Amino acid sequence: TFVCNQAWSSHMFAKEIIGVANATSAGWGNLGGGITNIFMSALWNGFKTVTDSETAWRVSFIIPATIVLICSLATLLIADDCPK
């Protein structure tokens, strides 16, 4: 997601503020990676209480995949990605 984020913000912001925009989006992207690490471990531990370890790991990917799908659809339908 980091590379996609940097490419998108490079196209969306004016050259006068692109450095600040890229730095800010990079920081948020790195924060998201850390939170995802914690979130996936918590999901796995939760699912591990009701199923075996391998199945719990596989099932724990359903929730993030759903979140990504919803965010992708929202971006596609709502975002104004045409700079004016």
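Just so it is clear, the model here is predicted, and its values are computed rather than measured. (Residues numbered from 1 in each chain as written. Predicted model: local features only at pLDDT ≥ 70, side-chain atom pairs only at ≥ 80, totals over all residues. Heavy atoms only, no water.)

Q: Whenever I open this one, the overall build of the protein chain confuses me. Can you help?
A: Tallying secondary structure elements over the protein chain gives four helices and zero strands in all. Ordering the α and β elements of the protein chain from the N terminus gives α-α-α-α. Scaling as 2.2 N^0.38, a compact globule of 84 residues should have a C-alpha radius of gyration of about 12 Å, whereas the protein chain reaches 17 Å, well beyond that. For the protein chain, the spread of C-alpha atoms along the principal axes amounts to about 55 × 25 × 15 Å. (Helix = DSSP H or I, 4+ residues; strand = E, 2+ residues; numbered from the N terminus. Rg over C-alpha atoms; globule rule 2.2 N^0.38 Å.)

Q: In this structure, what is going on with the pattern of salt bridges? I would like to understand it.
A: A side chain with one charge can pair with a side chain of the opposite charge if their charged atoms come near. Following the criterion strictly, the structure yields one salt bridge and no others. The salt bridge involving R58 is made with E54; its shortest N-O contact spans 3.0 Å. Of this pair, R58 and E54 are both found in helix α3 (residues 53-59), four residues apart, which corresponds to roughly one turn of the helix. With relative accessibility at 58%, the residue R58 sits in the exposed group. (Salt bridge = Lys/Arg side-chain N within 4 Å of Asp/Glu carboxyl O. Buried < 20%, exposed > 50% of the residue type's maximum accessible area, 1.4 Å probe, protein only.)

Q: Whenever I open this one, the confidence of the model for the protein chain confuses me. Can you help?
A: Keep in mind that low pLDDT regions are not for reading the predicted coordinates in detail. When pLDDT is averaged across the protein chain, the result is 87; 94% of the residues are at 70 or more. Per-element mean pLDDT across the protein chain ranges from 82 in helix α1 (residues 2-12) up to 93 in α3. (pLDDT = per-residue confidence, 0-100.)

Q: It is not clear to me how the packing of aromatic side chains should be interpreted in this structure. Could you clarify?
A: Two measures describe an aromatic ring pair: the distance that separates the ring centres and the angle between the ring planes. Inspection of the entire model under this criterion finds two aromatic pairs. Judged by centre distance (6.4 Å) and plane angle (90°), the rings of W44 and W57 are edge-to-face. With W44 in helix α2 (residues 18-48) and W57 in helix α3, the pair connects residues that are 13 residues apart, well separated along the chain. A residue is classified by how much of its surface remains accessible, and W44, at 24% relative accessible area, is partly exposed. An aromatic cluster of at least three residues, connected via ring pairs, comprises W44, W57 and F61. Sitting over the ring of W44, K48 keeps its end group 4.0 Å from the ring centre. (Phe/Tyr/Trp six-rings, centres within 6.5 Å; stacked < 30°, edge-to-face > 60°. Lys NZ or Arg CZ within 6 Å of the ring centre and 35° of its normal.)

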